[in-house]
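# Examination of the molecular architecture
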Amino acid sequence: MASCEHCGTEFSPKAGALRFCCKGCEFVADLISENGFGQFYDLKQGLAVAPVRSRPFEEHDFLWLAPQVAAAEEKATATGDGARLDLALEGISCVGCVWLVEKLFARHPGSVRAAANPSSGRLHLEWMPGQCELEPFLRELCQFGYVAAPAGTAGGDFERRRLAARLGLCGAFALNTMGFSLPVYLGMPADFEFAGLFKLIAFLSATLSMLVGGGYFMDRAWRALRARSLHIDLPIALGLVSAYAGSIAGWTLGKERLMYFDFVSIFVFLMLGGRYLQTSAVERNRRRLVRQQPVPEAVARADGAGEPVTRSAISPGLRFLLGPGQALPVSGILAAGEADFSLEWIHGEADPVRYAAGSRLPAGAILLSRTPAAVEASERWEDSLMAKLTAAAGADRGSPGLDKLLRVYLSIVLLLGISALAFWGMHGDWLTGAQAMISVFVVSCPCALGVAIPLADDLAASAMERLGVFTRTASLWPRLRRVRRVIFDKTGTLTLERPVLENPETVAELNDAASFALAMMTHGSLHPIARTLLESLATRGQKFLAAGAEFETHEFPGMGVTMRSAGGDWSLGKIGWLGSGPVGDAAGSELRLDGKLIAAFHFSESLRPGAVAMLRRLEKKGLSLHLLSGDHADKVEKMSVALGLPEGHAHGGLSPEEKADTVRKMDRQDTLYLGDGANDSLAFDAAFVTGTPVVDRSLLESKADFYTLGAGLEFLPRLLETAAARTNAVRAAFGFALVYNATTVAFSMAGKMSPLLAAVLMPLSSIASILIVALISRGTMRNRD
């Protein structure tokens with residue numbers, strides 16, 4: 001394994017690609033060097049960031065920008081201040097990214113300030129109204145691997161910000177409570193003139209902690225009970241309510257032995273800290289991508305009249321325009337002309353298909369042509385297959401076995417607490433009995449685990465980010481431990497999403513005129529072969545495009561594209577097109593000048609790097625491997641043989657519904673499904689754990705438990721090994737918690753647990769759990785590396 005010199009992601013090097021994990025990282029590294037921004041790598045300090053992939057070579061739509069800039073400048077003019085705008089930003093990961101974005105913005109006339117925030121995925125811009133053009137800056141950001149979008153497209157971070165606010169307030173309340181409880185423990189006389197005031201302040205601080213922080217856990221516990229489910233927040237809420245109620249009773253009765261105000265405040269603060277750590281990591285990865293869904297929210301009428309029609313209002317007979325790169329929301333008929341479509345979302349085959357006027361188009365067909373296509377709808381949106389495939393993901397599936405564990409745990413805690421009360425009551429000492437019961441409920445709170453488990457999750461997630469893998473659900477790690485069957489989609493998952501150029505040296509040998517023509521004819525095209533060629537041109541191609549010279553191109557659906565320049569007539573198309581030989585298929589392409597062959601390019605479908613080795617490693621772990629695809633059965637069978645899968649473990653020609661049915665029949669809460677297209681969406685809903693590689697036309701990131709930005713599949717065995725390492729760390733912390741709870745519960749039932757001792761032991765146990773998790777996690781993961 002090697003580490004990418006730009007992003008730090010680990011990858012399997014191959015001939016010609018020993019320094020960078022992808023063409024995008026290579027291109028951005030060259031840009032950084034050419035512009036004198038080498039300090040970026042000093043600030044990054046070796047941290048792994050998200051791979052760039054194809055972002056610099058993609059077409060990005062900024063039609064949304066002008067209205068937002070106009071509104072910001074209008075507001076600035078009215079107030080007399082500078083213009084301000086907040087955007088979502090994909091690709092930002094570290095302080096080096098923050099520095100680079102600020103430097104790039106400072107180069108543009110009229111700029112005032114750029115403030116990027118990696119944790120929230122937001123970019124704040126300030127500029128002088130009418131003196132700064134934002135679109136050129138945002139397009140320059142794309143060249144460096146950062147894609148801006150309207151602030152709402154990356155998803156909100158409401159939960160993280162709410163927890164951060166609660167955490168800050170409860171930290172202050174905890175300091176107050178401890179500060180005014182400490183004099184009591186240090187021997188402050190009961191008749192001291194400010195003793196009552198100190199207790200009142202401790203009570204008020206603990207009350208505020210309960211209202212601000214404790215209410216968060218109690219609300220979640222109550223909602224889980226109403227849903228007839230148990231949640232880790234339930235024992236937390238039980239301990240908080242018991243300690244707070246007992247403290248009020250003790251304060252009212254003047255019994256110091258029952259007053260746990262300081263415990264309440266510290267416990268709330270620590271639990272909120274653990275929850276914030278867990279939530280912020282998940283939400284950060286959910287906001288990392290700002291790509292827009294290819295299925296349009298609204299379509300323009302073909303006659304140009306009236307407002308755009310929302311997809312929910314589409315009805316049979318409506319003629320509308322489908323934009324380049326958009327997926328057809330409903331089935332329909334091509335109303336005029338010819339156009340190339342990709343059916344990869346329907347049956348998994350990436351090869352473009354040419355349609356003529358009058359042809360029936362299936363829902364989910366993606367327009368590859370450069371100009372919009374007029375389509376007549378044949379069905380309503382709610383009746384469309386795409387409506388089912390793009391339906392929002394369900395809630396987090398939760399951790400297996402947690403309900404049962406919590407039920408047993410709570411039963412034991414309640415039994416021990418009530419037994420302590422009854423025992424002391426039968427001996428005539430109800431006060432000691434009440435103290436013992438409250439102490440049992442207090443010390444049995446899962447404080448150590450409430451901090452240690454989020455830490456273990458964060459360490460595991462950080463380890464996988466170095467491989468370009470990002471988690472989206474908090475319950476991923478325990479569910480991964482139950483995986484026994486791994487199911488793969490074929491196209492775009494086991495294979496790369498675009499064909500691979502077999503002779504890249506041909507592109508490298510092109511002279512400037514030919515490279516310029518190739519860049520112009522592939523720029524803006526959504527055809528997978530054109531995308532591959534433009535990416536192969538790398539820095540040369542982007543420099544030609546940045547020069548600003550434009551020539552008129554003409555696209556011939558299904559055949560190729562032509563361009564007239566001062567040097568002659570260029571063409572790029574199928575082998576034999578505009579030549580003397582027979583027209584070939586999509587496996588090759590030719591570049592010609594005035595009919596003379598300049599270069600021939602050959603392509604093939606390629607497995608992702610490390611796919612075969614990854615499958616063998618999974619088999620050694622005892623996992624059952626399966627391949628489900630909408631591609632032709634014979635192609636799938638050949639792929640199965642090449643991959644060495646057992647007979648009967650590969651199925652081709654499956655519809656999205658058939659994929660989902662197959663997964664349901666296999667699943668025993670032990671399936672991991674990896675897919676990339678809309679035709680995998682229903683199978684995602686049926687699988688126990690889901691993951692997706694992020695491709696050009698992504699859809700499933702919002703439904704997956706994890707996604708990967710790397711090109712290879714070497715991460716998958718490491719993902720399972722990291723889940724095992726995380727489980728070992730959690731089990732060690734749980735073992736410590738059992739010993740700790742058994743000891744402290746015994747002290748509590750004996751009436752020996754004081755509020756001071758509980759307040760001291762609780763943070764110490766949390767620190768011990770954190771150290772156990774950190775040492776075991778880092779040691780295990782380092783050994784696996």
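Residues numbered from 1 in each chain as written. Predicted model: local features only at pLDDT ≥ 70, side-chain atom pairs only at ≥ 80, totals over all residues. Heavy atoms only, no water.

Before going further, it helps to examine the overall build of the chain. Scanning the chain from N- to C-terminus turns up 25 helices and 28 strands. Along the first, second and third principal axes, the C-alpha atoms of the chain reach 105 × 70 × 55 Å. Taken over 785 residues, the chain has a buried fraction of 54%. The contacts of the chain with a sequence gap of at least 6 include a subset with a gap of at least 24, amounting to 70%. Of the accessible surface of the chain, which amounts to about 32,900 Å², a share of 58% is contributed by carbon and sulfur atoms. (Helix = DSSP H or I, 4+ residues; strand = E, 2+ residues; numbered from the N terminus. Buried < 20%, exposed > 50% of the residue type's maximum accessible area, 1.4 Å probe, protein only. Contact = heavy atoms within 4.5 Å. Areas by Shrake-Rupley, 256 points an atom, 1.4 Å probe, with all protein chains shown as cover.)

The subject of this paragraph is the sheet that holds strand E3 (residues 83–90). The strand order E4-E5-E3-E6 describes an open sheet built from four strands, whose pairing is antiparallel. Looking at which strands have only one partner, the edges of the open sheet turn out to be strand E4 (111–117) and strand E6 (147–150). On average, each strand axis in the sheet is tilted by 35° relative to the strand beside it, whichever way the strands run. Bridging between E4 and strand E5 (residues 122–127) involves six bridges; their strand directions are antiparallel. Across the sheet, Ala116 pairs through a bridge with Leu123, a residue of E5. Sheet strands in contact with helix H4 (residues 95–106) are E3, E4 and E5, and its direction is about 160° off that of E4. Packing of helix H5 (residues 134–143) onto the sheet brings it into contact with E3, E5 and E6, and relative to E5 it is tilted by some 145°. (Pairing = 2+ DSSP bridges. Axes fitted to C-alpha atoms, helices over the stretch in contact; angles between N-to-C directions.)

What follows deals with the pairing of E5. Within E5, five of the six residues are buried, which leaves it mostly tucked inside the rest of the structure. Pairing analysis gives six bridges linking E3 to E5, with the strands arranged antiparallel. Within E5, the position partnered with Asp86 by the bridge is His124. What sits between E4 and E5 in their antiparallel hairpin is a turn of four residues, with Gly121 showing a positive phi close to 65°.

Following both chains from N to C, one finds helix H8 (residues 233–253) and helix H13 (residues 430–443) inclined at 145°, their axes separated by 8 Å at the closest point. In the packing of H8 onto H13, the handedness of the crossing is left-handed. Here H8 contributes Gly239, Ser242, Ala243 and Gly246 to the contact with H13, which in turn contributes Ile438, Phe441 and Val442. A breakdown of the residues in the contact of H8 with H13 according to their chemical character gives four nonpolar, three polar and no charged. (Left-handed = near helix turned anticlockwise from the far one by under 90°. Nonpolar A, V, L, I, M, F, W, Y, C, P; charged D, E, K, R; others polar.)

It is worth spelling out helix H18 (residues 512–522) at this point. With nine of eleven residues buried, H18 lies mostly within the body of the structure. Taken as a whole, H18 has its buried residues at Ala514, Ser515, Phe516, Ala517, Leu518, Ala519, Met520, Met521 and Thr522. Residues of H18 that are buried sit in contact with helix H19 (528–546), strand E19 (553–556), strand E20 (560–565), strand E21 (568–574), strand E22 (588–593) and strand E23 (596–604). N-capping of H18 is provided by Asn511, with a side-chain oxygen placed 3.2 Å from the backbone N of Ala513. Looking at the residues trailing H18, positive phi occurs at Gly524, about 85°. (Polar contact = N/O pair within 3.5 Å; in protein donor to acceptor, adjacent residues only side chain to side chain.)

Moving on to the side chain of Ser265. With respect to the helices and strands, the residue Ser265 is situated in helix H9 (residues 261–287). The exposure class of Ser265 is buried, given its relative accessible area of 0%. Once you skip the residues sitting within four places of it in the chain, Ser265 turns out to touch Phe173, Ala174, Thr177, Ser205, Ala206 and Ser209.

Another aspect to go through is the packing of aromatic side chains. Two aromatic rings, taken as a pair, are described by how far apart their centres are and by the angle between their planes. Applying the stated criterion across every chain, the model contains 22 aromatic pairs. On the basis of an interplanar angle of 65° and a centroid distance of 5.7 Å, the ring pair of Phe192 and Phe194 is categorised as edge-to-face. Members of the aromatic cluster, joined through ring pairs, are Phe180, Phe192, Phe194 and Phe198. For Arg479, the ring lying beneath its charged end belongs to Phe688, and the centroid distance is 5.8 Å. (Phe/Tyr/Trp six-rings, centres within 6.5 Å; stacked < 30°, edge-to-face > 60°. Lys NZ or Arg CZ within 6 Å of the ring centre and 35° of its normal.)

Trans is the prevailing form of peptide bonds, just as negative phi is the prevailing case for residues other than glycine. Even without glycine at this site, Arg53 takes up a positive phi of about 55°. Residue Arg53 is classed as buried on the basis of its relative accessible area, which comes to 11%. Here Ala538, not a glycine, exhibits a phi torsion of approximately 50°, which is positive. Looking at the secondary structure, you find Ala538 in helix H19. Note on Ala538: relative accessible area 13%, which makes it buried.

Let's shift gears to helix H20 (residues 611–620). Among the residues of H20, those classed as buried are Ala611, Met614, Leu615 and Leu618. All buried residues of H20 fall inside an arc of 100° around its axis, so they share one side. Buried residues in H20 make contact with strand E17 (485–488), helix H16 (490–494), strand E24 (624–628), helix H21 (633–643) and helix H24 (715–749). Gly622, located one to two residues past H20, shows a positive phi value of around 85°. (Arc of directions from axis to C-beta.)

With that out of the way, let us pick up the sheet that holds strand E11 (residues 338–342). Strand order in this open sheet of three strands is E12-E11-E14, and the pairing throughout is antiparallel. Of all strands in the sheet, those with a lone pairing partner are strand E12 (352–356) and strand E14 (366–367), marking the two edges. Bridging between E11 and E14 involves two bridges; their strand directions are antiparallel. Counterpart to Ser342 in the pairing with E14 is Ile366.

On to the pairing of E22. Regular strands have side chains that alternate between both faces of the sheet. Burial of E22 is extensive: five of the six residues sit out of reach of the surface. Pairing of E21 with E22, which is carried by five bridges, proceeds in the antiparallel orientation. The residue bridging Gly573 from the neighbouring strand is Glu590, located in E22. In this structure, E22 lies alongside E23, joined through six bridges in antiparallel fashion. Along E23, the bridge assignment pairs Arg592 with Leu597. Two successive antiparallel strands, E22 and E23, enclose a turn made up of two residues, where Asp594 displays a positive phi of approximately 50°.

Among the secondary structure elements, Ser181 is positioned in helix H6 (residues 158–185). Sequence separation between Ser181 and Phe198 is 17 residues, and the spatial gap between their C-alpha atoms is 7.1 Å. Contacts of Ser181, omitting those with residues within four sequence positions, involve Ala202 and Asp262.

Together, Phe192, Phe194, Leu197, Leu200 and Leu204 make up a nonpolar patch on the protein surface, roughly 410 Å² of accessible area in all. Residue placement: Leu200 occurs in helix H7 (residues 195–226). (Patch = residues over 30% accessible without salt bridge, like charges linked within 9 Å, V, L, I, M, F, W, Y side chains within 5 Å. Salt bridge = Lys/Arg side-chain N within 4 Å of Asp/Glu carboxyl O.)

Enumeration according to the criterion identifies 32 salt bridges in this entry. Across the salt bridge formed by Asp680 and Lys659, the nearest N and O atoms sit 2.6 Å from each other. Note that Asp680 is positioned in the loop between strand E26 (671–674) and helix H23 (681–686) and Lys659 in helix H22 (residues 656–666), a separation of 21 residues in sequence. The closest approach of N and O atoms between Asp685 and Lys703, which form a salt bridge, is 3.1 Å. Here Lys703 lies in the loop between strand E27 (689–693) and strand E28 (706–708) and Asp685 lies in helix H23, a separation of 18 residues in the sequence. Classification of Lys703 as buried rests on a relative accessible area of 11%. One network of salt bridges, with partners in common, ties together Arg84, Arg113 and Glu126.

Any functional reading would require information that these geometric values do not contain.
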